[in-house]
Amino acid sequence: MNCETCQLKELVVEPPEIREVLRCILHTILFHRALGLVRPKDVECELFDITYVQCEDHELEKKIDEKINQFIGWVEKHPNRKSQVCISFYEVKNKHATWFGNKIERFYWEQWYINLHIISPKPHGKSHNTKAHVVTGENAFEESNSRCAALESSLREVLFQIIKFVNEKKDHIPPLQNSEIVSYPYEISTPR
């Protein structure tokens with residue numbers, strides 16, 4: 001079976017933005033690979049002027065949040081690094097029975113690589129009633145706003161990249177085995 005991969009554009013994010021960025025991307029991918037009847041739910045980003053759609057499924061949300069928390073914990077121990085989160089879709093197949101039981105094997109058919117460059121926020125100048133420090137603070141504020149606007153624009157590009165990929169790449173998707181499930185089996189991998 002052919003495994004399609006999609007390397008998403010690298011996003012430069014600060015630690016407080018990680019949760020919002022990953023939720024937006026992961027939910028978008030999972031919504032577009034959802035099966036059967038799902039209840040779509042519009043979600044407005046708190047940090048960006050972006051609305052995305054997710055499947056209204058509490059187990060799915062819980063699993064995504066657990067993986068994001070795991071990734072944020074890793075980032076806290078390894079600041080200022082480039083990193084990757086991968087979401088992989090697979091089929092489960094039973095292999096031949098052995099003396100020790102049935103062997104189950106995963107056949108991956110699609111992988112998405114979310115590339116993040118984590119940076120620490122620059123310290124802002126403090127005002128002590130001197131004009132130089134106030135200007136520094138204003139410049140830092142403008143720089144922060146500019147960086148946030150650039151991230152929002154890049155995040156939009158990533159969302160369009162996802163939509164383009166799911167619309168163009170369909171031949172590798174395996175036939176549906178069970179219409180009761182919300183999503184194909186998947187796993188989210190974070191750095192260890």
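Residues numbered from 1 in each chain as written. Predicted model: local features only at pLDDT ≥ 70, side-chain atom pairs only at ≥ 80, totals over all residues. Heavy atoms only, no water.

An unreviewed UniProt entry lists the chain under the name Autophagy-related protein 101, with Musa acuminata subsp. malaccensis given as the organism. Of the chain, the UniProt comment under Sequence similarities (unreviewed entry) reads exactly: "Belongs to the ATG101 family." (UniProt positions renumbered as here; feature names shortened; annotations may be inferred.)

Now for the overall build of the chain. When its secondary structure is counted, the chain shows three helices and seven strands. For the chain, restricting intrachain contacts to residue pairs at least 6 apart in sequence, the fraction spanning at least 24 positions comes to 75%. Accessible surface for the chain amounts to roughly 11,900 Å². Of this, 50% is attributable to carbon and sulfur atoms. (Helix = DSSP H or I, 4+ residues; strand = E, 2+ residues; numbered from the N terminus. Contact = heavy atoms within 4.5 Å. Areas by Shrake-Rupley, 256 points an atom, 1.4 Å probe, with all protein chains shown as cover.)

In this section: the pairing of strand E4 (residues 51-55). Sheet topology places strand E3 (residues 40-44) next to E4; five bridges connect them, and they run antiparallel. Looking at E4, one finds that Asp-42 is bridged to Val-53. Connecting E3 to the next strand, E4, in antiparallel fashion are six residues. (Pairing = 2+ DSSP bridges.)

If you look at the biggest cluster of nonpolar residues, it comprises 44 residues, and the most contacted ones within it are Ile-25 and Trp-112. Where this core is concerned, the elements lending two or more residues are strand E2 (11-13), helix H1 (18-32), E4, helix H2 (58-77), strand E5 (82-98), strand E6 (101-118), helix H3 (131-168) and strand E7 (186-189). The contact partners of Trp-112, leaving out residues within four places of it in the chain, are Cys-6, Leu-8, Ile-29, Val-85, Cys-86, Ile-87, Phe-89, Ile-162, Phe-165 and Val-166. (Core = buried A, V, L, I, M, F, W, Y, C linked by side-chain atoms within 4.5 Å. Buried < 20%, exposed > 50% of the residue type's maximum accessible area, 1.4 Å probe, protein only.)

In this section: H2. Taking 1.5 Å as the rise per residue, H2 with 20 residues should run 28 Å; its terminal C-alpha atoms sit 29 Å apart, in good agreement. Turning to H2, its buried residues are Leu-60, Glu-61, Ile-64, Ile-68, Phe-71, Ile-72, Trp-74 and Val-75. Within H2, the buried residues cover an arc of 155° as seen down the axis, which keeps them to one side. Across H2 from its buried face, at more than 90 degrees, point the exposed residues His-58, Glu-59, Glu-76 and Lys-77. The distance from a side-chain oxygen at the start of H2 to the backbone nitrogen of Glu-59 is 3.3 Å, and the residue carrying that oxygen is Asp-57. (Expected span 1.5 Å × (residues − 1). Arc of directions from axis to C-beta. Polar contact = N/O pair within 3.5 Å; in protein donor to acceptor, adjacent residues only side chain to side chain.)

As a packed pair, H1 and H2 sit with axes 10 Å apart at the nearest point and diverge in direction by 140°. On the basis of their axis angle, the class for H1 and H2 is oblique. Our pair here, H1 against H2, has a crossing hand that is right-handed. Taken together, the residues of H2 that come into contact with H1 (itself represented by Ile-18, Arg-19, Leu-22, Arg-23, Leu-26, His-27 and Leu-30) are Leu-60, Glu-61, Ile-64, Asp-65, Ile-68, Asn-69, Phe-71, Ile-72 and Val-75. Residues of the contact of H1 with H2, tallied by class, amount to 10 nonpolar, two polar and four charged. (Axes fitted to C-alpha atoms, helices over the stretch in contact; angles between N-to-C directions. Parallel < 35°, antiparallel > 145°, perpendicular 65-115°, else oblique. Left-handed = near helix turned anticlockwise from the far one by under 90°. Nonpolar A, V, L, I, M, F, W, Y, C, P; charged D, E, K, R; others polar.)

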